[in-house]
Amino acid sequence: MIGISRSRTAAAVATAALLALTAAACSKSPTGGTTAAAPSGSGAAAGPVLSGSVTFNQDNLGKLDAALKSALAGKDLSGVNIAMVVNVAADYWKAGQVGFLKGCSDLGISSGKCTYFAPPNGKLTEQNSELETLRSQGVTGYSLSAIDPTSAAGTIHTDVTGGVAVLAIDSPLPGTDASSLYLGTPNYTAGFQAGTAMKTELGGSGKVAILVGSLTASNATQRIQGFEDALKGTGITIAQKVDDNLSASTATSDAETILANNPDVNGLYGVYSYDGPALAQAVTSAGKTASVHIVSDDSDAQTLQFIQSGVISGTVVQMPYQQGYTGAYILAAEKVLGKDATMAIVKPYLESDGSTLSSGVGLVTKSDLSAYQSLESQLGIG
């Protein structure tokens, strides 16, 4: 029998680290992560200075983790066989992998029954093949950041019908049998935050191009909608929206073309994790680091380096660590306690839409980069 204790020391350490960072970085903002950019009265005459706010939903998720662990205490977890399947092999997901494996460890589940998979080339065929492999290996549940939710619907239906728990992470899975619960960033909010940051950077006027790995994935469409809504009522227009097909090199090439053909574009928004560094390289090559402002998503190592150098003004950050960690708890609970009992525990922690379990959202700028990197180090992500 694989049992677990009621001790949650490791989880508490991570929670304390996140809460301490939140208190330090967010003393200016009580909003819990929906507002990050604000004008500053000081600085150069160039205009407002973008400031960051690193706020996550750690207090809420820490309580949920404790409730799930308490409900699982003394239960037999030997039949739990879970996986975390993401959409691309990117630095962003390394934090998710660390969190997932730590969640398994804290629950007493052996590493052999906790599988992490990232498609090496971000290809749908790679992800589909892995899901088939997991089914053949008797997986009891998996969290999924689907490359194409529509294409995944049939596989999800087969698995759920067969008693396999499927948890949407990173991007919701509307229209599938896994639409009832989503663990991740409220993507509209993240996009709105990025748009607010861009509005501050451009002083309310300019032209922006958006580059993204998919123009159909739910997380992408919701973020773009939030970004555009944040710009309403300003003099900022969207010049182009470009699908780079989950390729950093394509994103760089596309950005170079946009900048060459549209000299009035003074803002770039990179939606997927690799887009920030890709756009920064294009802007640097074009010699436009002083005139083109970049707002990105996520905290890849290269993104943070470009934040430090000032090429990227700010990046909207998530907490993929918690998508992995809490995701492991939910999947284990669904196997051992059942879906209804698990959802009864989860329900009080959901957002107002009744299906979103927020892992939090924030904004990192040069001023709070050191504090954010300290948090990553404490969680074993760096």
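Since the structure is predicted, the reported quantities are computational estimates derived from the model, not experimental observations. (Residues numbered from 1 in each chain as written. Predicted model: local features only at pLDDT ≥ 70, side-chain atom pairs only at ≥ 80, totals over all residues. Heavy atoms only, no water.)

Visitor: Give me the overall build of the protein: which residues, what numbers.
Guide: From N to C terminus, the protein includes 13 helices and twelve strands. Buried residues in the protein amount to 57% of all 382 residues. Relative to all contacts within the protein whose residues are 6 or more apart in sequence, the contacts with residues 24 or more apart total 77%. In the structure as shown, the protein presents an accessible area of about 14,300 Å², 51% of it carried by carbon and sulfur atoms. (Helix = DSSP H or I, 4+ residues; strand = E, 2+ residues; numbered from the N terminus. Buried < 20%, exposed > 50% of the residue type's maximum accessible area, 1.4 Å probe, protein only. Contact = heavy atoms within 4.5 Å. Areas by Shrake-Rupley, 256 points an atom, 1.4 Å probe, with all protein chains shown as cover.)

Visitor: Break down the state of the cysteines for me, citing the residues and quoting the values.
Guide: What we call a disulfide is simply a covalent bond connecting the sulfur atoms of a pair of cysteines. Under the definition given, this model contains one disulfide. Here Cys104 is linked by a disulfide to Cys114, with a sulfur-sulfur distance of 2.1 Å. A torsion of -105° about the S-S bond marks the disulfide between Cys104 and Cys114 as left-handed. One end of the pair, Cys104, is in helix 3 (residues 92–107); the other, Cys114, is in strand 2 (residues 114–117), with ten residues separating them in the sequence. With respect to class, Cys104 is no different from Cys114; both count as buried. (Disulfide = S-S within 2.5 Å.)

Visitor: How would you sum up the environment of Glu256? Please name residues and give values.
Guide: Residue placement: Glu256 occurs in helix 8 (residues 248–261). Beyond its immediate stretch of four places on either side in the chain, Glu256 contacts Ala282 and Ser285.

Visitor: Summarise the pairing of strand 8 (residues 265–270); cite the residues concerned and give the values.
Guide: Burial analysis of strand 8 places six of its six residues in the buried class, which makes it a mostly covered element. Here five bridges tie strand 6 (residues 205–212) to strand 8, and the two strands are oriented parallel to one another. By the bridge assignment for strand 8, Ala209 is matched with Leu268. The parallel pair strand 8 and strand 9 (residues 293–297) is bridged by helix 9 (residues 275–285), and the resulting crossover is right-handed. (Pairing = 2+ DSSP bridges. Right-handed = clockwise from strand over helix to strand, strands pointing away.)

Visitor: Describe in detail helix 4 (residues 124–136), supporting the description with residues and values.
Guide: Over its 13 residues, helix 4 extends 19 Å from the first C-alpha to the last, a length consistent with the 18 Å expected when each residue adds 1.5 Å. Looking at the packing, one finds that the buried side of helix 4 touches strand 1 (82–85), strand 2, strand 3 (141–144) and helix 5 (149–161). Once helix 4 ends, the next one or two residues include Gly138, with phi positive near 80°. (Expected span 1.5 Å × (residues − 1).)

Visitor: Provide a residue-level description of the pattern of salt bridges, including the pertinent values.
Guide: Scanning the entire structure with this criterion turns up eight salt bridges. Linking Lys102 and Asp106 is a salt bridge whose minimum nitrogen-to-oxygen distance equals 2.8 Å. You can see Lys102 and its partner Asp106 sitting in helix 3, four residues apart, about one turn around the helix. Between Arg223 and Asp297 there is a salt bridge, with the nearest N and O atoms lying 2.8 Å from each other. Linking Arg223 in helix 7 (residues 218–230) with Asp297 in strand 9, this pair joins segments that are 74 residues apart in sequence. (Salt bridge = Lys/Arg side-chain N within 4 Å of Asp/Glu carboxyl O.)

Visitor: So what's going on with the packing of helix 11 (residues 320–336) against helix 12 (residues 339–346)? Residues and values would help.
Guide: At a minimum axis separation of 7 Å, helix 11 and helix 12 run at an interaxial angle of 140°. In terms of orientation, helix 11 and helix 12 fall into the oblique class. Along its contact with helix 11, which presents Ile330, Ala333 and Glu334, the element helix 12 presents Lys339, Thr342 and Val346. Classifying every residue of the contact of helix 11 with helix 12 gives three nonpolar, one polar and two charged. (Axes fitted to C-alpha atoms, helices over the stretch in contact; angles between N-to-C directions. Parallel < 35°, antiparallel > 145°, perpendicular 65-115°, else oblique. Nonpolar A, V, L, I, M, F, W, Y, C, P; charged D, E, K, R; others polar.)

Visitor: Report on the packing of aromatic side chains, specifying residues and quantitative values.
Guide: Per the counting criterion, the structure on display carries six aromatic pairs. Ring geometry for Tyr321 against Tyr325: centres 6.1 Å apart, planes inclined by 10°, an arrangement best described as stacked. Placement of both Tyr321 and Tyr325 in helix 11 is noted, with a separation of four residues, approximately one turn of the helix. The exposure class assigned to Tyr321 is buried, which follows from its relative accessible area of 5%. Through a chain of ring-to-ring contacts, the aromatic side chains of Tyr321, Tyr325 and Tyr329 assemble into a single cluster. (Phe/Tyr/Trp six-rings, centres within 6.5 Å; stacked < 30°, edge-to-face > 60°.)

Visitor: Could you give an account of the sheet that holds strand 8, with specific residues and numbers?
Guide: If you walk across this open sheet you meet the six strands as 7-6-8-9-10-12, and the pairing is mixed. Each edge of the open sheet carries a strand with a single partner, namely strand 7 (235–243) and strand 12 (362–364). Here the average twist between neighbouring strands, direction ignored, is 20°. Note: strand 10 (residues 312–317) against strand 12, three bridges, orientation antiparallel. Looking across to strand 12, one finds that Val317 is bridged to Gly362. Against the sheet, helix 9 contacts strand 6, strand 8, strand 9 and strand 10, and its axis sits at roughly 155° relative to strand 8.

Visitor: Which residues make up helix 3, and what are the values?
Guide: Compared with the 22 Å implied by 1.5 Å per residue over 16 residues, the 24 Å span of helix 3 between its first and last C-alpha is a close match. Three or more residues of helix 3 are buried, namely Tyr92, Trp93, Ala95, Gly96, Gly99, Phe100, Gly103, Cys104, Asp106 and Leu107. Looking at the residues trailing helix 3, positive phi occurs at Gly108, about 80°.

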